[in-house]
Amino acid sequence: MPPRLPLTAVSSPLLRPILPVPRRLFSITSTLLAGPPKAKAAEGAKKQSYGKKKNTKDESRKGAYAIGERRGIRTRIVLSNTNAQPLDTPPLTPDLSNITEAAGNLFAFPEEEVDKLRTLRAFFRTQDWRLFARPSSVLRRQAMEIGSTMDSFDPVTRRIILDGYKGSGKSVMLLQLMTWALQKGWIVINIPNAQELVIGHTDYEFDPASGKWTHPSYTSHMLTQRIAKVNATALANLSLTTTVKLGRNEYAAGTPLLTAVSSAGRDFAAATDTLRFLLSELQNNPETPKVLFAVENFNLFQIPTVYRDPDFKIIHPHDFALPSLFNELLRGERKFHNGGLVMGVTSRTIAPRAEAFELFLRGEEIGPYSKADRRIHEGLRGAEVMEMSGMDGEEAASLLEYCRDTGLLKVDEVEEGLIREKLLLSSGLPKEIVKSCVRIARC
Amino acid sequence: MVAGLVSLRHCCRTILGEAFNTRVALPRASFPHPRPLAGARSFTISHVQQARSILDDEGEVNDDWILKTGTGTSGQGPVNIADELTEEDITPTWAEQQFAVRRVPVSASYFTGNATFVDNLLALRALQRKYELLPTIPKDQVPPVKWKTLVEYNALAGKSVSASKFKQLTNILDRLNIIEPTLMPQDVQDVLAWYKRDTQGAVSTQKERTVDEFGRGYGLGRRKTSVARVYVLEGDGQVYINGKTLAEHFERLHDRESAIWPLLVTDRIDKYNVWATVDGGGKTGQAEALTLGVARALMVHEPALKPALRRAGCVTRDHRMVERKKPGHVKARKMPTWVKR
């Protein structure tokens with residue numbers, strides 16, 4: 001029997017089952033203690049019966065795993081490793097974005113922000129955090145470039161689609177930007193996996209008022225568990241500019257925005273309206289801080305969904321409220337009052353890509369005879385496409401030194417030749433550089 | 001060369017004349033494994049030759065009997081046997097009484113089955129042993145030479161020789177051929193000339209490969225069903241395969257290492273750029289086809305790297321292909337499960 005893991009590791013609080021907390025032991029090996037001696041059955045007590053057999057299933061016997069436990073293991077994100085050497089890595093601070101010398105160096109994510117980023121589900125299992133004592137990352141040139149514009153006083157919203165090869169560090173760069181945003185007091189909204197909204201794993205509903213399809217429970221969960229929790233301080237400081245009726249309740253002008261979001265968001269039926277209202281408040285309220293709205297696996301918003309309408313026709317992804325709201329922000333039709341950052345990060349691990357989206361990323365138009373989806377192309381027009389490149393020698397050197405210091409790379413000195421070799425073998429992709437330091441068994 | 005037999009008694013009579021009419025003991029000289037006989041005399045081929053020359057003069061021997069002796073001819077001169085005969089020797093044996101004429105083979109290798117070949121091989125071995133200590137030149141500086149083919153040799157030998165046996169000959173010839181040309185002995189030269197193919201003009205010399213006008217060295221590599229066409233040019237360590245970077249084309253680290261292995265082992269990763277197209281087969285086959293292609297293209301730039309690349313296993317084409325499926329088998333070797341009727 002595999003060891004039982006502490007249930008606190010279950011990522012989503014909604015999924016966390018209410019179970020007696022198992023006794024925490026230092027060792028996770030299951031104990032083999034001799035039980036109480038079995039009472040010997042009295043002579044003749046066991047009688048052979050020829051009648052119908054009773055259901056002899058032992059009620060007290062449980063399965064190997066409790067409900068939700070396996071899912072907990074599967075989705076658990078490990079951000080530390082006790083075997084790794086703990087290092088005094090400098091923390092990632094907001095002022096670094098303006099220090100040119102910081103580029104190419106390694107910084108650790110501060111503890112508070114790590115908790116918030118966990119809540120935002122910004123860390124992924126596929127990232128190799130479990131090999132290191134604490135999550136740290138190399139500050140890339142692209143992050144510096146975006147970070148330097150984050151402090152501008154202009155209410156400008158940068159609208160970026162971030163593309164790059166698998167393992168090039170797109171999601172880690174988003175993590176760094178989110179960290180900066182959280183440190184600067186921005187409001188951070190994140191859709192951690194666009195795939196969840198298109199593959200039919202969550203409920204959907206038609207909203208006649210807006211003419212869009214909605215994801216009621218997903219939106220509700222997103223509002224209450226992610227947006228309200230991570231941005232509690234910022235939202236509490238904002239008060240409603242207008243009186244609004246969300247669901248059954250009416251929220252008067254002057255009420256803290258947090259109250260409206262967390263209470264109205266709990267209602268599935270009112271969740272999408274609440275999100276729309278939240279965005280409109282962020283557009284109209286002059287006191288609103290800057291906003292970072294990010295979507296991971298953005299290419300999944302461009303492929304046909306598996307949802308069907310009453311005529312059994314496939315619903316276009318842009319007919320859903322969440323993708324279309326994000327696209328409006330990406331196109332610049334909606335603008336945050338004090339600016340911010342709207343970012344769609346593509347994924348190459350989750351492969352399906354639409355032809356129109358590929359053309360858009362390459363900056364090409366759809367040909368007159370092409371069958372590519374023009375709606376996709378039009379829906380993104382105006383967004384800036386940024387390509388995540390491979391690491392340069394300096395960045396690779398600090399990553400390799402980190403791997404050496406933490407004990408992954410067993411060399412004494414990170415020499416020029418070693419850096420060149422690793423760069424060539426990994427094509428500069430940071431994920432591959434780490435992989436080439438230690439043969440990692442996937443689990 | 002035809003192995004022939006000559007009547008030994010006839011020969012002896014010719015040599016010894018009247019003395020032979022007295023009872024002369026003739027020891028057997030043609031045992032497969034010669035065993036020493038007490039006080040016995042052995043007859044050598046020179047005796048036969050001597051006898052033949054005498055017979056030729058008298059015209060008593062038919063031309064059909066003329067034989068060409070092998071290269072193993074002994075240099076011993078004739079011996080006057082009658083002087084040394086003892087009383088015991090001249091006692092006739094049972095065999096002699098049975099057969100008036102006893103035929104013995106010319107070559108000591110007669111009972112090996114292919115006397116010509118064995119004679120030739122022994123002669124070459126002797127030659128090799130004789131000149132073993134002469135200085136040699138490196139193999140790549142030896143002028144290319146083509147020996148007689150197996151078919152040509154068989155026609156001369158009159159009997160078929162297996163390819164592996166013939167290889168024994170050519171191996172020795174190759175060894176003799178690398179003797180320093182200025183010190184090459186005349187007898188070796190003669191032997192080599194005899195074994196050389198008549199049409200030496202057909203010897204194909206390997207075309208010298210050079211970098212093209214753009215400074216690219218080209219190499220073609222194959223493995224299983226994959227074909228890699230590789231251009232290597234001086235640069236700073238960029239690799240593009242089918243227009244993609246190395247990590248984009250090969251997901252496995254091991255395949256990436258295989259593809260640029262020639263550059264890694266020779267420590268040339270930052271000296272050259274690689275631009276390659278590869279198609280056919282699977283990823284591993286493609287990676288190993290690239291190994292060969294990159295190595296060949298690299299050798300265009302630096303031919304001196306060949307020994308190092310050979311040690312790294314980058315020079316030889318791996319000729320193994322998938323084993324064919326056989327009828328009655330599920331795959332090449334797998335058999336269907338036995339089913340009881």
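For the structure, see preceding data.
Here goes a summary of the coordinates provided. Keep in mind the model is a prediction, meaning the values are calculated, not measured. (Residues numbered from 1 in each chain as written. Chains lettered and ligands numbered in written order. Predicted model: local features only at pLDDT ≥ 70, side-chain atom pairs only at ≥ 80, totals over all residues. Heavy atoms only, no water.)

## Side note on the overall build of chain B
Stated precisely, the cut-off is as follows: Every helix listed is a DSSP run of H or I at least four residues long, and every strand listed is a run of E at least two residues long, numbered separately from the N terminus. When a residue's accessible area, from a 1.4 Å probe over protein chains only, is under 20% of the maximum for its type it is buried; when over 50% it is exposed; and in between it is partly exposed. The criterion used for residue contact is that any of the two residues' heavy atoms lie within 4.5 Å. To measure how exposed things are, a 1.4 Å probe is used in the Shrake-Rupley method; for residues, cover is taken only from the protein chains shown.
Across its full length, chain B holds 13 helices and 7 strands. Per-residue burial over chain B gives 35% buried out of 341 residues. Contacts in chain B between residues at least 24 apart in sequence constitute 73% of all its contacts with a sequence separation of at least 6. As displayed, chain B offers around 21,100 Å² of accessible surface, 54% of which is attributable to carbon and sulfur atoms.

## Quick notes on the overall build of chain A
On a plain count of helices and strands, chain A comes out with 14 helices and 11 strands. Looking at the 443 residues of chain A, the share that counts as buried comes to 48%. Across chain A, contacts joining residues at least 24 apart in sequence account for 74% of those joining residues at least 6 apart. If you sum the accessible surface of chain A, you get close to 23,200 Å²; carbon and sulfur atoms cover 53% of it.

## Topic: the interface of chain B and chain A
Condition: By definition here, a salt bridge exists when the distance from a side-chain nitrogen of Lys or Arg to a carboxyl oxygen of Asp or Glu is within 4 Å. Within 3.5 Å is the distance limit for a polar contact, defined as a pair of N or O atoms, with the added protein rule that one can donate a hydrogen and the other accept it, and that residues adjacent in sequence qualify only through two side-chain atoms.
Facing 14 residues of chain B, the contacting portion of chain A comprises 14 residues. At the surface where chain B touches chain A, the tally comes to 3 salt bridges. At the junction of chain B and chain A, the tally comes to 6 residue pairs in polar contact (both at pLDDT 80 or more). For the side of chain B that touches chain A, the secondary-structure elements that each account for two or more residues are helix 9 (246–249) and helix 10 (253–259) of chain B.

## So, helix 6 (residues 150–157) of chain B
Residues and elements named next belong to chain B. Basically, it comes down to this: Each direction from the helix axis to a C-beta atom contributes to the arc, which is the arc of those directions.
All of the buried residues along helix 6 are Y153, N154 and A157. Projected down its long axis, helix 6 shows its buried positions confined to an angular sector of 100 degrees, all on one face. In helix 6, those exposed residues whose orientation departs by more than 90 degrees from the buried face are V151 and A155. Immediately beyond the C-terminal end of helix 6, within one or two residues, lies G158, with a positive phi of roughly 80 degrees.

## Some thoughts on the packing of aromatic side chains
Residue and element names in this part refer to chain A. What counts is decided by this rule: Ring pairs are drawn from Phe, Tyr and Trp, using the six-membered ring of Trp, whenever the two centres fall within 6.5 Å, and their geometry is named by plane angle: stacked under 30 degrees, edge-to-face over 60, tilted for the rest.
In the structure shown here, the tally under the stated rule is 18 aromatic pairs over all chains. Centroid distance F109 to W129: 5.9 Å. Interplanar angle 80 degrees. Geometry classified as edge-to-face. Residue F109 is located in the loop between strand 1 (106–108) and helix 2 (111–119), and its partner W129 is located in the loop between helix 2 and strand 2 (136–138); the two are separated by 20 residues in the primary sequence. Per residue, the accessibility class of F109 equals that of W129, and both read buried. In this structure an aromatic cluster arises from ring pairing among Y204, F206, W213, Y307 and F320.

## Things to note about the packing of helix 5 (residues 216–230) of chain A against helix 8 (residues 268–284) of chain A
All names here are of chain A. Formally: Under this scheme, a helix contributes an axis fitted over its contacting stretch, all axes are lines through C-alpha atoms, and angles between N-to-C directions fall in the 0 to 180 degree range. When an angle is under 35 degrees it counts as roughly parallel; over 145 it counts as roughly antiparallel; between 65 and 115 it counts as roughly perpendicular; any other value is oblique. With the far helix as reference, a near helix turned anticlockwise by less than a right angle produces a left-handed crossing, and one turned clockwise produces a right-handed crossing. Residues are grouped as follows: Ala, Val, Leu, Ile, Met, Phe, Trp, Tyr, Cys and Pro are nonpolar; Asp, Glu, Lys and Arg are charged; all remaining types, including Gly, are polar.
One can describe the packing of helix 5 onto helix 8 by two numbers: an axis separation of 7 Å at closest approach and a directional angle of 55 degrees. One way to sum up the angle between helix 5 and helix 8 is to call them oblique. Relative to helix 8, helix 5 is oriented so that their crossing is left-handed. Listed contacts from helix 8 to P216, S217, T219, S220, M222, L223 and I227 of helix 5 are F268, A271, T272, T274, L275 and L278. In terms of residue class, the contact of helix 5 with helix 8 is made up of 8 nonpolar, 5 polar and no charged.

## Remarks on unusual backbone geometry
At F312(A), a position not held by glycine, the phi torsion is positive, near 65 degrees. By the secondary structure assignment, F312(A) is in the loop between strand 9 (291–296) and helix 9 (321–331). Relative accessible area serves as the criterion here: at 58%, F312(A) is assigned to the exposed category. The phi dihedral of N242(B) is positive, around 55 degrees, even though this residue is not glycine. Summarising the element assignment, N242(B) is placed in the loop between strand 5 (239–241) and strand 6 (244–245).

## Quick look at the sheet that holds strand 6 of chain B
Strand pairs in the sheet, formed through backbone hydrogen bonds, run parallel or antiparallel to each other. To keep it simple, the criterion reads: Note: two strands are recorded as paired if DSSP finds a minimum of 2 bridges between them.
Across the sheet, which stays open at both edges, the 5 strands sit in the order 3-4-7-5-6 (chain B) with mixed pairing between neighbours. Looking at the sheet topology across the chains shown, the edges are occupied by strand 3 (216–223) and strand 6 of chain B.

## Here we look at the nonpolar core
All names here are of chain A. Stated formally: In this description, a nonpolar core means a group of buried Ala, Val, Leu, Ile, Met, Phe, Trp, Tyr and Cys residues linked to one another through side-chain atoms lying within 4.5 Å.
Ranked by internal contacts, the top residues of the largest apolar core, which has 55 residues, are I161, I189, I191, L278, L282 and F298. If you tally residues by element for this core, the top one is helix 8, at 6 residues. The residues contacting L278, other than those within four sequence positions of it, are L223, I227, L235, L257 and V261. The next biggest cluster of nonpolar side chains, apart from the first, holds 38 residues, and it includes F107, W180, L182 and M343.

Purely geometric numbers; function is a separate question.
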